[in-house]
Amino acid sequence: MAARGRPEVDPWGFLLPFSNSMWAATLVALGFVVVVTSAVVAVGAWMSPREMPCCWWRAALDLVFVYCGVLCQQSVEAKQITSNISTNNNKNNSIKECGRWAGRAVAGGWVVAAMVLAWAYMGGLTSLLAVRYVPQPFQTLAALGRHASVLLLVQENSAEAHLLQTGSGAVMRGMERVRKEGRLREVQREYQETYLPMAQGKPWVIVAESSSAAVVNDRHFSLTGRCDYYTSREIIVSYTYSIILQKNSPLLRAVNSRVQAVIQGGLYGQWLKESLPNATYCRFPPSVITVQDKLGLTNLWGVFTVLAGGLGASILVFVCEVLSAPRRVTTA
């Protein structure tokens, strides 16, 4: 059992429609297309070995801006992509024409890929801005082991505490790291001292029975009107509630028959429902929330940070170009 996250918009959310691997693949594809097209330009223009390096990098730099404009859906003319082919001294018109069509073929493939990427990005960004996700990361003990700042709390002197302290196997995977780092604590599970601070932001996860979780959810919702907790999908261990009698007690048969009658008649479920009227409100809290409010600067300040960084870099490059450019001396 853990506290639910707060539905907030990430100011850097414009990077989230694509994963890190997708961003890397896009940059690699862009570089590959620029290299291939530059090679086509070099062969089609029939450059001399002495002119090759300068013209290669000049054409490649121009193509980087052109293909970035295509990816960003800016207005780019087709002649901008293949114009560099005929700028140098060409001695063979057939090679020139072949290079031009090869460049157009590469550019056409990139236009299609960039169009799909741009549409996918815009669709994903629109969904991310309209929908906010409530994080619920601790669904297994293995996930708990990957968060070094989170404490695992368990009722002291209980069967759960003994199991977590000494247990092993597939269900207990992740507990070795928790025990090694000293993040397993035995406490008294009180609402004011344990559950309420967790809902207020304490990095705690509590091991609790399903009935205890229902009691806490009922009390917390009755006091605050919010569903601030969630329970994990993984069940650590299953217990059954029972009435303990003396061995060979003559009351055993009578107790069994009456308990069975109470359960089969639905009285136990009805009593539980009447004693915890608000427990079902937070049984399945939504993890996705649709937001229709206006976006403010607090939601998108990451975009303006990127813009300011780009403008600052451009000013710095401009100053370096001015300082490094040779000065012309005019004589009367």
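Position numbers for residues start from 1 in each chain and track the written sequence from start to end. Reporting of local features is limited, given that this is a predicted model, to residues whose pLDDT is at least 70; pairs of side-chain atoms are given and counted only at 80 or more, and all residues count toward the totals for whole chains, interfaces and linings. Side-chain metrics in this entry use all non-hydrogen atoms of the structure; hydrogen atoms and water are not considered.

Participant: Any chance you could explain the side chain of His220 here in plain terms?
Facilitator: Helical segments are the DSSP runs of H or I of at least four residues, strand segments are the runs of E of at least two, and each set is numbered from the N terminus. As for its placement among the helices and strands, His220 is situated in helix α9 (residues 210-224). For every residue, the accessible area (1.4 Å probe, protein chains only) is compared with the maximum for its type, and the residue is labelled buried under 20%, exposed over 50%, or partly exposed between those bounds. Looking at His220, the relative accessible area reads 1%, which means it is buried. For this analysis, residues touch if any pair of their heavy atoms sits within 4.5 Å. Other than its neighbours up to four places away in sequence, His220 contacts Tyr191, Leu196, Ala199, Gly225, Arg226, Asp228 and Tyr229.

Participant: I tried to follow the nonpolar core on my own but got confused; where do I start?
Facilitator: In globular proteins that are soluble, nonpolar side chains generally tend to be buried together. Residues belong to one nonpolar core when they are buried, are Ala, Val, Leu, Ile, Met, Phe, Trp, Tyr or Cys, and are joined through side-chain atoms within 4.5 Å. Ranked by internal contacts, the top residues of the largest apolar core, which has 15 residues, are Phe138, Leu144, Leu152, Leu164, Met175, Leu184 and Val205. Looking at this core, the elements with two or more residues in it are α5 (141-145), β3 (151-155), α6 (159-166), α7 (175-180) and β5 (204-207). If we ignore the near neighbours within four places in the chain, the residues touching Val205 are Met1, Ala2, Phe138, Leu144, Val150, Leu151, Leu152, Leu153 and Met198.

Participant: Just checking my understanding: could you explain α9 for this structure?
Facilitator: Note that an α-helix has 3.6 residues per turn; residues three or four places apart therefore point the same way. With 15 residues, α9 extends 21 Å from end C-alpha to end C-alpha; this agrees with the ideal 21 Å at 1.5 Å per step. Within the span of α9, buried status applies to Ser212, Ala213, Val216, Asn217, Asp218 and His220. If you follow the buried residues of α9, they end up packed against α8 (191-199), β6 (229-230) and α11 (267-275). Positive phi appears at Gly225, one or two residues downstream of α9, with a value of about 75 degrees. One less than the number of residues in a helix, times 1.5 Å, gives the span that helix is expected to have.

Participant: Hey, could you run me through the pairing of β3 in this one?
Facilitator: Looking along a regular strand, one sees the side chains alternate between the two faces of the sheet. Buried residues dominate β3, accounting for five of its five residues. A two-sided burial pattern is seen for β3, the buried positions comprising Leu151, Leu153 and Gln155 on one face and Leu152 and Val154 on the other. Pairing geometry for β3 and β5, over four bridges, is parallel. Each bridged residue has a counterpart across the sheet, and for Leu151 the counterpart in β5 is Trp204. One requirement defines pairing of two strands: DSSP has to find at least two bridges between them. Note that β3 and strand β4 (residues 184-187) share four bridges and pair parallel. Residue pairing for β4: Leu152 is matched across the bridge by Leu184.

Participant: I tried to follow the packing of aromatic side chains on my own but got confused; where do I start?
Facilitator: Geometrically, a pair of aromatic rings is defined through the distance of the ring centres and the angle of the planes. Aromatic rings from Phe, Tyr and Trp, with only the six-membered ring used for Trp, were paired whenever their centres fell within 6.5 Å, and each pair was classed as stacked if the ring planes differed by under 30 degrees, edge-to-face if by over 60, and tilted otherwise. According to the stated counting rule, one finds two aromatic pairs in the structure shown. When the ring of Tyr195 is compared with that of Tyr229, the centres are 6.4 Å apart and the planes differ by 90 degrees; the resulting orientation is edge-to-face. Of the two residues, Tyr195 sits in helix α8 while Tyr229 sits in strand β6, which places them 34 residues apart along the sequence. The same class applies to Tyr195 as to Tyr229, namely buried.

Participant: Can you help me understand the side chain of Arg4 in this one?
Facilitator: On the secondary structure map, Arg4 appears in the loop between β1 (2-3) and α1 (20-45). Asp228 provides the closest opposite charge to the buried, salt-bridge-free Arg4, at an N-O distance of 5.9 Å. Here a polar contact is taken to be a pair of N or O atoms separated by no more than 3.5 Å, where protein atoms must pair a possible hydrogen donor with a possible acceptor and residues adjacent in sequence count only if both atoms sit in side chains. Among the polar contacts made by the side chain of Arg4, one reaches the main-chain carbonyl oxygen of Cys227 at a distance of 3.0 Å. In summary, the charge assignment counts Lys and Arg as positive and Asp and Glu as negative, without counting His or the chain termini. Each reported salt bridge corresponds to a side-chain nitrogen of Lys or Arg within 4 Å of a carboxyl oxygen of Asp or Glu.

Participant: What is the right way to read unusual backbone geometry from this model?
Facilitator: Most of the time, phi is negative for any residue but glycine, and the peptide bond is trans. Of note, the phi angle at Asn157 is positive, near 55 degrees, even though the residue is not glycine. With respect to the secondary-structure elements, Asn157 resides in the loop between β3 and α6. Owing to a relative accessible area of 74%, Asn157 belongs among the exposed residues under this scheme. Even without glycine at this site, Asn248 takes up a positive phi of about 60 degrees. Position of Asn248 among the secondary structure elements: in the loop between β6 and α10 (252-264). Residue classification places Asn248 among the exposed residues on the basis of a relative accessible area of 73%.

Participant: Help me understand the confidence of the model for the protein chain, please; the structure alone is not making it clear to me.
Facilitator: The predicted coordinates ought not to be read in detail in places where the model reports low pLDDT. You can read pLDDT as the predictor saying how much it trusts each residue, on a scale of 0 to 100. Here the protein chain averages 75 in pLDDT, while 73% of its residues score no lower than 70. In the predicted structure, residues 47-53 sits below a pLDDT of 50 and forms six contacts with residues beyond four places in sequence or in another chain. In the predicted structure, residues 84-97 sits below a pLDDT of 50 and forms 25 contacts with residues beyond four places in sequence or in another chain.

Participant: Can you walk me through α6 in this structure?
Facilitator: When α6 is considered as a whole, its buried residues turn out to be Glu160, Ala161 and Leu164. Down the axis of α6, the buried set is contained in an arc of 100 degrees. They therefore lie on one face. Those residues of α6 that are exposed and aimed more than 90 degrees away from the buried face are His162 and Thr166. In the core, the buried residues of α6 are packed alongside α5, β3, α7, β4 and β5. Of all possible arcs, the one meant is that of the directions from the helix axis to the C-beta atoms.

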